[in-house]
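# Geometric and topological summary
Here are the chains, one letter per residue:
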Amino acid sequence: MQLDKKVIGHEFKAFKATAEAGKVKLFCKAIGEEDPIYADEAAAKAAGYKKVPVPPTFLQALTNDDPEKGGLLRLLNVDIGLILHGEQHYDYYAPVYVGDTITCQQKVTDMYDKKGGALWFVVSETTMKDQADKLVAKATSITVVRNPDAAKK
């Protein structure tokens, strides 16, 4: 199996996701976040926010609203059983607040192999902009693809 480096630079269709209060509440419950700034406007304002912010890691939940889920797997034409989530990190530029609509745009930025082609690493970046088109965050993700043919060598 050989992945095609021609996919570097591929941009997926942008989509919008809204940071809804109910989803933020459920997210906080799921991760055990109890800071009142994420649920109470008075607490958020007392902490210096203009509105109720979302927890930083909630941005991952927004990217899961992609209506074309699995686009990277289809682009690479690989079976889900061959992939592993290798790395994820975020650069934050501005707070995201409950009610904000975030436009997410994913792009494949790099691809390389290790262990003589046994593992492929696909790097993608997702930019996130608010409704004013202001960049609020950038997510960088590395997807690891195992080459089933490497074991045959």
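Below: a short report on this structure. Quick caveat: nothing in here was measured; it's all calculated off a predicted structure. (Residues numbered from 1 in each chain as written. Predicted model: local features only at pLDDT ≥ 70, side-chain atom pairs only at ≥ 80, totals over all residues. Heavy atoms only, no water.)

A separate point is the environment of Lys129. Here Lys129 is to be found in strand E4 (residues 119-129). Along the chain, Lys129 and Thr103 lie 26 residues apart, while their C-alpha atoms are 5.2 Å from each other. Apart from residues no more than four positions distant in its own chain, Lys129 is found in contact with Thr101, Ile102, Thr103, Lys134, Leu135 and Val136. (Helix = DSSP H or I, 4+ residues; strand = E, 2+ residues; numbered from the N terminus. Contact = heavy atoms within 4.5 Å.)

In this section: the pattern of salt bridges. Summed over the entire model, instances satisfying the criterion amount to three salt bridges. Note that Glu41 and Lys45 form a salt bridge whose closest N and O atoms lie 3.3 Å from each other. With Glu41 and Lys45 both in helix H2 (residues 41-46) and four residues apart, the pair spans about one turn of that helix. On the basis of relative accessibility, which here comes to 40%, the residue Glu41 falls in the partly exposed class. Here Lys45 falls in the partly exposed class, since its relative accessible area comes to 47%. (Salt bridge = Lys/Arg side-chain N within 4 Å of Asp/Glu carboxyl O. Buried < 20%, exposed > 50% of the residue type's maximum accessible area, 1.4 Å probe, protein only.)

Looking now at helix H1 (residues 21-31). Taken as a whole, H1 has its buried residues at Val24, Phe27 and Cys28. All buried residues of H1 lie within an arc of 100 degrees about the axis, which places them on one face of the element. Exposed positions of H1 whose direction lies more than 90 degrees from the buried face are Lys25, Leu26, Lys29 and Ala30. Next to the buried residues of H1 lie helix H3 (58-63). Residue Gly32 follows H1 closely and has a positive phi angle near 80 degrees. (Arc of directions from axis to C-beta.)

Relative to the assigned elements, Ala39 resides in the loop between H1 and H2. Ala39 sits 18 residues away from Ala21 along the chain, and the two C-alpha atoms are 7.8 Å apart.

For the rest of this paragraph, the subject is the sheet that holds strand E5 (residues 135-146). Ordered in space as E1-E3-E4-E5-E2, the five strands form an open sheet in which the pairing is antiparallel. Whereas interior strands pair on both sides, the edge strands pair on one side only; in this sheet they are strand E1 (15-18) and strand E2 (83-92). When strand polarity is set aside, the average angle formed by the axes of neighbouring strands in this sheet is 30 degrees. The pairing of E2 with E5 spans nine bridges and is antiparallel. Residue Tyr92 lies in a different strand from E5, and its bridge partner there is Ala137. (Pairing = 2+ DSSP bridges. Axes fitted to C-alpha atoms, helices over the stretch in contact; angles between N-to-C directions.)

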